[in-house]
Amino acid sequence: MRWFFEVVASYFTDLDLTVYHEKALILTKQMELVQLSLQSAPRLQLLIISGTNSYLKQLTIIESRLETIPPSIVNVTSLRYLHIEQSKLRVLDLRLLCQLPKLDTLVMEGNEISTLRSASPTTTCSVQSLYLASNRLTSFNAPSLVYLSKLLMLDLKRNNLTRFRLDRLQLPALTTLSLASNNFDSLASFRKAGTPSLEVLDISSNVLGTVDLKYFEDLKNLTSLNLAYNQLTVVQTSQATVLPKLRYLALDNNLLEKLDPTNWYFPRLSSVSLVNNRLQAVPSSIYRSNVSQTMYISIASNPIRCSSMAENVDYVLRLRSLSVSWGSTCTYSYYTGLVRGDGMNGLCCVV
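Figured I'd write up the structure that's included with this text. Keep in mind that this is a model prediction, so the values were computed, not measured. (Residues numbered from 1 in each chain as written. Predicted model: local features only at pLDDT ≥ 70, side-chain atom pairs only at ≥ 80, totals over all residues. Heavy atoms only, no water.)

### Examining the pattern of salt bridges
- Throughout the structure, instances matching the rule amount to 7 salt bridges.
- Here arginine 163 makes a salt bridge to aspartate 185, at a shortest N to O gap of 3.3 Å. Here aspartate 185 lies in the loop between β12 (176-178) and β13 (200-202) and arginine 163 lies in the loop between β11 (153-155) and β12, a separation of 22 residues in the sequence.
- Arginine 163 sits in the exposed class, given a relative accessible area of 51%.
- Aspartate 185 sits in the partly exposed class, given a relative accessible area of 45%.
- Where aspartate 314 meets arginine 318, a salt bridge forms, and the shortest distance between an N and an O atom there is 3.4 Å.
- For aspartate 314, a relative accessible area of 40% translates into the label partly exposed.
- What makes arginine 318 exposed here is its relative accessible area of 57%.
- Put simply, Glu67, Lys88, Arg90 and Glu112 are held in one network by salt bridges that share partners. (Salt bridge = Lys/Arg side-chain N within 4 Å of Asp/Glu carboxyl O. Helix = DSSP H or I, 4+ residues; strand = E, 2+ residues; numbered from the N terminus. Buried < 20%, exposed > 50% of the residue type's maximum accessible area, 1.4 Å probe, protein only.)

Shown next, in the form of structure tokens:
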């Protein structure tokens with residue numbers, strides 16, 4: 001098979017194999033492929049690099065029996081993108097992988113990784129995107145990433161993390177962090193965070209019961225905060241909180257009965273999703289708080305009282321800044337009445 005790759009490389013630069021049946025993958029210095037993808041390699045157990053290969057830039061291995069990434073991976077000197085998914089990796093050795101001078105993307109999803117080995121302080125790590133979704137991380141050792149100074153994207157969703165200290169995560173370039181689908185029931189303060197460039201933070205699909213938006217005040221570049229699909233009964237802002245760039249706040253699919261925006265100073269906030277909560281009144285006070293004048297709120301699938309809906313019908317019909325549940329009869333779900341809207345449909349509510 002090693003000769004096959006070398007022959008193919010004399011005609012093509014990219015090779016995508018739907019199924020690879022061998023037990024070993026051997027990359028030689030003569031193989032001139034730029035991109036190699038094995039979409040399914042169910043028997044693959046060994047990755048062997050023979051000599052220094054300066055051609056390969058992208059390597060993808062999916063559905064294999066690989067348990068380790070060999071130290072000889074550093075001999076693939078032009079490698080920019082390494083993707084090993086649905087395999088048997090248990091340890092991610094950043095000290096090793098950061099020796100690849102051009103590596104900018106690491107996709108290690110769907111493995112059995114429970115341990116991260118930190119990069120060396122003497123190596124300038126070029127990794128910008130690190131995808132670790134669907135592994136077996138139960139705790140996160142923030143210092144293991146401390147030398148990834150160029151990291152922009154960190155994806156830790158679908159693990160089993162219960163605690164995360166953002167203040168210990170010294171990643172000055174990080175713009176996107178996903179902690180979705182873990183097991184957080186509380187959040188430590190994100191104050192003094194080591195991620196001053198963070199723009200997108202996703203903590204959806206956990207088991208949070210309460211959140212204080214004051215926690216996020218030091219994230220001055222935050223544009224999107226996703227807290228959907230938790231078990232939130234309280235979202236408070238205990239003190240005046242300034243998030244100058246926040247545009248999107250997702251609180252849908254929680255257990256909220258009210259939301260108080262008194263201490264919000266979010267001048268660019270333009271969208272709040274409150275779909276499928278337990279609100280009984282339209283949270284119209286948001287429009288009068290320190291938010292964008294083009295604010296749009298979604299409150300569909302909430303048991304809004306008809307009296308509150310009638311008081312705020314202009315936000316739906318005239319200003320088009322409020323999204324609600326509509327129907328011609330409004331007898332579905334828990335709705336028992338409606339406020340007349342445009343045409344045959346009305347704004348569904350609870351009498």
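### Details of the sheet that holds strand β25 (residues 346-349)
- The strand order across the open sheet formed by 3 strands is β23-β25-β24, and the pairing between neighbours is antiparallel. Since the sheet does not close on itself, it has two edges, and those belong to β23 (326-327) and β24 (337-340), each with one partner. (Pairing = 2+ DSSP bridges.)

### Here's the deal with the state of the cysteines
- Counted by the stated rule, this structure contains 3 disulfides.
- Between the sulfur atoms of cysteine 306 and its disulfide partner cysteine 349 the distance amounts to 2.1 Å. Across the disulfide from cysteine 306 to cysteine 349, rotation about the S-S bond amounts to roughly 90°, and the bridge is consequently right-handed. Placement of cysteine 306 in helix α3 (residues 306-311) and of cysteine 349 in strand β25 is noted, with a sequence separation of 43 residues between them.
- What makes cysteine 306 buried here is its relative accessible area of 17%.
- Paired by a disulfide, cysteine 330 and cysteine 348 hold their sulfur atoms 2.0 Å apart. In this structure, the disulfide formed by cysteine 330 and cysteine 348 twists by about -75° around the S-S bond and is classed as left-handed. A residue pair is termed long-range when its members are at least 10 positions apart, and cysteine 330 in the loop between β23 and β24 and cysteine 348 in strand β25 qualify at 18 residues. This pair shows no difference in class: cysteine 330 is buried, exactly as cysteine 348 is. (Disulfide = S-S within 2.5 Å.)

### Thoughts on the nonpolar core
- With 102 residues, the main nonpolar core has Leu25 and Leu154 as its most contacted residues.
- Sequence-distant contacts of leucine 25, that is, excluding residues within four places in its chain, are made with Phe5, Tyr20, Leu36, Leu38, Leu44, Leu46, Leu47, Ile48, Leu59 and Ile61. (Core = buried A, V, L, I, M, F, W, Y, C linked by side-chain atoms within 4.5 Å. Contact = heavy atoms within 4.5 Å.)

### A look at the pairing of strand β3 (residues 35-38)
- Here β3 shows a buried face lined by Gln35 and Ser37 and a second buried face lined by Leu36 and Leu38.
- Pairing between strand β1 (residues 14-17) and β3: 4 bridges, direction parallel. Pairing of aspartate 14 across the sheet is with glutamine 35, part of β3.
- Relative to strand β5 (residues 58-62), β3 runs parallel, the two sharing 4 bridges. Its bridge partner lying in β5, glutamine 35 is registered against glutamine 58.

### Section: the side chain of serine 325
- Take serine 325: it is sitting in the loop between β22 (322-323) and β23.
- At 3.0 Å, the side chain of serine 325 and the side chain of tyrosine 335 are in polar contact.
- Each residue touching serine 325, except ones within four places of it in the same chain, is listed here: Ala300, Ser301, Tyr332, Tyr335, Gly346, Leu347 and Cys348. (Polar contact = N/O pair within 3.5 Å; in protein donor to acceptor, adjacent residues only side chain to side chain.)

### Comments concerning the side chain of serine 120
- Assignment of secondary structure puts serine 120 in the loop between β9 (115-117) and β10 (129-131).
- Judged by relative accessible area, which is 7%, serine 120 ranks as buried.
- Every residue in contact with serine 120, bar those within four places of it in the chain, is listed here: Arg95 and Tyr147.

### What to know about the packing of aromatic side chains
- Applying the stated criterion across every chain yields a total of 4 aromatic pairs.
- Relative to tyrosine 315, the ring of tyrosine 287 lies with its centre 4.1 Å away and its plane at 10°, an arrangement referred to as stacked. With tyrosine 287 in the loop between β20 (271-273) and β21 (296-298) and tyrosine 315 in helix α4 (residues 313-317), this residue pair connects regions lying 28 residues apart in the sequence. Note on accessibility: tyrosine 287 and tyrosine 315 belong to one class, buried.
- Every member of this aromatic cluster is reached through a ring pair, and the members are Tyr332, Tyr334 and Tyr335. (Phe/Tyr/Trp six-rings, centres within 6.5 Å; stacked < 30°, edge-to-face > 60°.)

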